[in-house]
Structures are given as C-alpha cells and as structure tokens.
Amino acid sequence: RLSFLGTGYLGATYAICFAELGYEVVGFDVDEAKIAKLAGGQVPFHEPGLDELLRANLASGRLRFCTSYEEVADFADVHFICVGTPQRAEGMGADLTFVETSVTRLAARLRRRALIVGKSTVPVGTAEWVEQLVARHADAGLGVEVAWSPEFLQEGFAVEDVLRPNRIVVGVRTEWANAMLYAAHKGVFDLAAAEDREVPLVVTDFATAELVKVAANAFLATKISFINAMAEVCEVAGGDVTQLAKSIGYDPRIGNRFLQAGVGFGGGCLPKDIRAFQARAQELGAGEALRFLHEVDLVNTRRRARVLGLAARLLGRRSGPAGPDLSGTRIAVLGAAFKPNSDDVRDSPALAIAAALAKAGAEVRVYDPQAIENARRVAPQLTYSLSLDGCLAGADLVCVLTEWAEFRNADPQALGALVAGKLVIDGRNCLDEPLWTAAGWTYRGMGR
Ligand code: UDX
C-alpha cells in the first residue's frame, strides 16, 4: 500500500501509474479542489494517456485521493513525498517548506512502522534533515525510516517514464528500507521482465541519490546551452548549427539528443534545478565546481534576447540602449508552453519572449494548442487567439517559439495569405525552410 503526498505533476502521475501496476494507492494533497478533480476522474494538467489510466484505476478501486493526513498515515506502508520545491522568492536556493510540512504532519500521525521516501528534487543533505524531522515528530518506538528515490519524468512522456523507467535509483540506510523500496517497485520490475527488458537498479547512499537528479538535469541543461552557444558562433561565422549538431551527434560519445538549438530550455525543472544546485554547492564550499552552470544559464537567457533583436532587424527597427522600439508592429507568437505536448508555461521561453516583444511596444497575439489557459494566468497583459489562423491574421511577423506539430505541419502557402508581412522567425528550427522560402516567406532560424 503506497501513498503519494503532493498530487502535482509528479505525485499525481506516480499515484495513477502505481495503481496501474497493481498497488493499492492513495494520493494526498492539501488542495481540496485538486483532490476533488482527481477523485472525479479529471487530471488537472495535460499529460497524454493519463486521463484514461486515472479513470480505469479509480474504477478498479485500487486508487483514491484524500486531503487527510490521518487517512494517509493509517493506510500506507510506503509514503512518497512528491511536493513541490520551488525556487525561493529571495535567492537561487530551493524552498523546502512543503517538504517540511508534509513530512512533519505525516510523521506525527503514523501509528505503525512505515518508510518515508523523498521523491521531490532537493538540495543534497535534505534526506538527512528529513530523517531528523521524522525522529522529532514520529513515535520513536515505531521504527519509521527515511529513504530517497529521485524521479526523472519528462512532461509529455511521464506515463512511460514511470511505467518503463530507464533506471531506478534508491538512497537507503538499512536493509529494511531497501527491501521495502524493492517491494514498492516490484511492479515496475515485473512489467519489465514480462516485456523482456531490464530496469537497472542503483542502490546508494542518501547524498548520491539526491545528487543524481540535479546532476542529470545539470548535464541536460549544459548540453542544450552548449549547442546554443555553438548557435551564437554560427550566427556570426555564417555556419548552420543544425548541420553542426547533426554532424557531432553521429559520434555516439556525444549523441544526437538534446542538441536542438533554439530559444533554450524552460519548464518547472531545468532552470530552477541548475540554480538551486549552484546555491547548494556554494553553501558546501564547492561553488567553483559549478560556476559553469552560471554560464549555462546566461547562454540560455541570451537566446530569448536574440529573438527580440532578430525581430527588430526583420521589421526594420533600430535598437536603442533600452532595446528596440517595436511600437506599431503586429507580431504573432506561436507557442506559449515551454515545450510541445505540454500545457506547462513555467519559465517558458516562448511566453517570456512574447512578453518582451509586447514590452518593446509590439502588438502581440499568442496562440498555443494547449497552454492558453495557463498562459493567461501568468501573462494576462498579452492578447491570446483561440486559433492559429486568428493569431496570424494581419501579422507583420510570425515567431514560432514552441515546436508543436500543428505549426510544423502548417502549410506556409495558406498561412501566407493571412498575414500582412511574410516574415517568420523559427525559434525552434522546426520548420521546413525551403518550403517556407518557396512560399515567399523571409525565413530566419536560430544559429543558421
Ligand atoms: C526535464 C528532464 O528531462 C527530466 O528528466 C526531469 O525529470 C525534469 O526536467 P522536462 O522539464 O519535462 O524534463 O523537459 P525536457 O524535455 O527535458 O525539456 C526541457 C526544456 O529544454 C524545454 O524547454 C525544451 O524545449 C528544451 N530543449 C530540450 C531544447 O531547447 N533543446 C533540446 O535539444 C531539448
């Protein structure tokens, strides 16, 4: 019997998928509206395949949702902490308030031996602190223990990533915790065996388990910023970063994934994780080791400015010290989500660029197939269109900033008839350049 505390993106997906694997599961959140939605069979965010699994497992009776710590404490043998660890309002570190609250409230209500497993992305050292919290708040005679097991979900592929992970990492102190965690993942191993696959299991200490997650995200962010740095060089040298990426990617030591140059990375993980990682390394006296992540961050934000500059140039506007003046121009922004197949706009490059274009005076209209509702909440000052055609009507410039299939597959000939000026910035290098050029568009990609 498993519980997942925090039914955001991470916890809800895990709760639903582990019920699917055959466990009895309870999902907990303090947000009553969210719990009511989930209990009613509605996933509060966009994730392919998750709605069907939610409804099937609610119907099976293996899955339920609640807002009571007592119920959770009473029900489960293994409790997974899946609450958010956002960037602190002041500084770059992670805010652990939600971890603290959920752990202490749960621990105080436990009446039998249980394992509390951290899944949230946290600064190294948190697991030990959680252990101290548990020691302070749980009944000492129960033998409640703590473990850490990071997750590696990618939005848009989250169901697969939980059911068929490419590895499981557990940080444990005792054989009992190890055995409990193995039991709590047996469904994953059994599914793999049935499909003739193997899921590698790494059993390690707390610190390593915590570091694995941030190290993986730091590596991915660095890979993206590396190729975007190459894009900057290509832009001044007259090279084509897409050809460059393809050519270096054939070397299996480098690999071709996460080498897509464009407007850079965003989302709820990569940007905040590399900042929190630097802050923590600094606290530990190893700040120098991660100083390069500061550059990774800077390369990433420069990509956003690059689109603004390119837009000004294409529209024939000069840039002053305060940036370009785009007043009187109409710009259609295609994409608000931080990546396609997601409605997530957290730290989204697309939305940040749309806001910057508007701030520079342009009349900006944004369209996204899934993320408009969320975008409206974060950037209410922008104008939104409910269709691609509506967004493009009368535009002087089109900026494609999230590589949705709807944009990649759009017919440039037909779109050309809607706009006032056939200028396009392909912020994700996702359009078929010859096709757009042949349809009369002036095309600008990133790093080419
Ligand atoms: C990421 C990690 O991949 C995942 O393992 C971790 O658990 C959470 O953080 P996610 O935030 O869902 O997952 O997005 P991801 O697919 O990694 O993309 C992150 C950002 O990088 C997006 O904005 C995407 O557009 C951008 N990106 C990705 C690039 O700009 N170029 C690339 O080549 C790949």
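Residues numbered from 1 in each chain as written. Predicted model: local features only at pLDDT ≥ 70, side-chain atom pairs only at ≥ 80, totals over all residues. Heavy atoms only, no water.

Re the pairing of strand β11 (residues 330-334)
In terms of burial, β11 is largely enclosed, as 4 of its 5 residues are buried. In this view, the connection linking β11 to its parallel neighbour strand β12 (residues 363-367) by way of helix α13 (residues 349-359) has right-handed handedness. By the bridge criterion, 4 bridges tie β11 to strand β14 (residues 397-400) in an arrangement that is parallel. If you follow V333 over to β14, its bridge partner there is C399. (Buried < 20%, exposed > 50% of the residue type's maximum accessible area, 1.4 Å probe, protein only. Helix = DSSP H or I, 4+ residues; strand = E, 2+ residues; numbered from the N terminus. Right-handed = clockwise from strand over helix to strand, strands pointing away. Pairing = 2+ DSSP bridges.)

Thoughts on the pairing of strand β4 (residues 78-81)
Side-chain positions along a regular strand alternate between the two faces of the sheet. Alternating residues of β4 divide into V78 and F80 and H79 and I81, and every residue in both groups is buried. Alignment of strand β1 (residues 2-5) against β4, held across 4 bridges, turns out to be parallel. The partner of S3 across the bridge, within β4, is H79. Note that β4 and strand β5 (residues 115-118) share 4 bridges and pair parallel. Its bridge partner lying in β5, V78 is registered against L115. In this region the chain leaves β4, passes through helix α5 (residues 97-109) and returns to the parallel neighbour β5; the handedness of that crossover is right-handed.

Section: the sheet that holds β11
Taken in spatial order, the 6 strands of this open sheet run β13-β12-β11-β14-β15-β16, and their pairing is parallel. Strand pairing shows two members of the sheet lacking a second neighbour, β13 (383-384) and β16 (442-444), which therefore form its edges. Here 2 bridges tie β12 to β13, and the two strands are oriented parallel to one another. Along β13, the bridge assignment pairs V366 with Y384. Sheet strands touched by helix α12 (residues 291-314): β14, β15 (423-426) and β16. Its angle to β15, the strand with the most contacts, is close to 165 degrees. (Contact = heavy atoms within 4.5 Å. Axes fitted to C-alpha atoms, helices over the stretch in contact; angles between N-to-C directions.)

As for the packing of α5 against helix α6 (residues 126-137)
Packed helices, taken two at a time, are described by the angle between their axes plus the distance between the axes. Relative to each other, α5 and α6 sit at 35 degrees, their axes nearing to 8 Å. Note that α5 runs across α6; the crossing there is right-handed. For the pair formed by α5 and α6, the contact residues are V99, E100, V103, T104, A107 and A108 on the first element and W129, V130, L133, V134 and H137 on the second. Looking at the contact of α5 with α6 residue by residue, the classes come out as 8 nonpolar, 2 polar and 1 charged. (Left-handed = near helix turned anticlockwise from the far one by under 90°. Nonpolar A, V, L, I, M, F, W, Y, C, P; charged D, E, K, R; others polar.)

Some words on α6
Taking 1.5 Å of rise per residue, 12 residues should cover 16 Å, and α6 covers 16 Å from first to last C-alpha, within 8% of that figure. Taken as a whole, α6 has its buried residues at T126, A127, V130, L133 and V134. Around the axis of α6, the buried residues are gathered within 110 degrees of arc, so they sit on the same side. In α6, the exposed residues that point more than 90 degrees away from the buried face are A135 and R136. Against α5, β5, β6 (145-148) and α9 (206-237) lie the buried residues of α6. (Expected span 1.5 Å × (residues − 1). Arc of directions from axis to C-beta.)

Remarks on the domain arrangement of the protein chain
With domains assigned, the protein chain is organised as domain 1 (2-204), domain 2 (212-300) and domain 3 (305-445). One C-alpha centre belongs to domain 1, the other to domain 2; they are set 29 Å apart. Tallying the contact residues gives 15 residues for domain 1 and 12 residues for domain 2. Across the interface of domain 1 and domain 2, roughly 1,200 Å² is buried in total on both sides, 64% from carbon and sulfur atoms. When the area that domain 1 buries against domain 2 is broken down by residue, the three leading residues are Q87, M92 and T121, summing to 41%. One can count 1 salt bridge joining domain 1 with domain 2. With a closest N to O distance of 2.7 Å, E151 and K213 form a salt bridge. Here the residues of the side of domain 1 that touches domain 2 are counted per class, giving 8 nonpolar, 5 polar and 2 charged. (Domains from an automatic or database assignment. Buried area = accessible area lost by both parts, 1.4 Å probe. Salt bridge = Lys/Arg side-chain N within 4 Å of Asp/Glu carboxyl O.)

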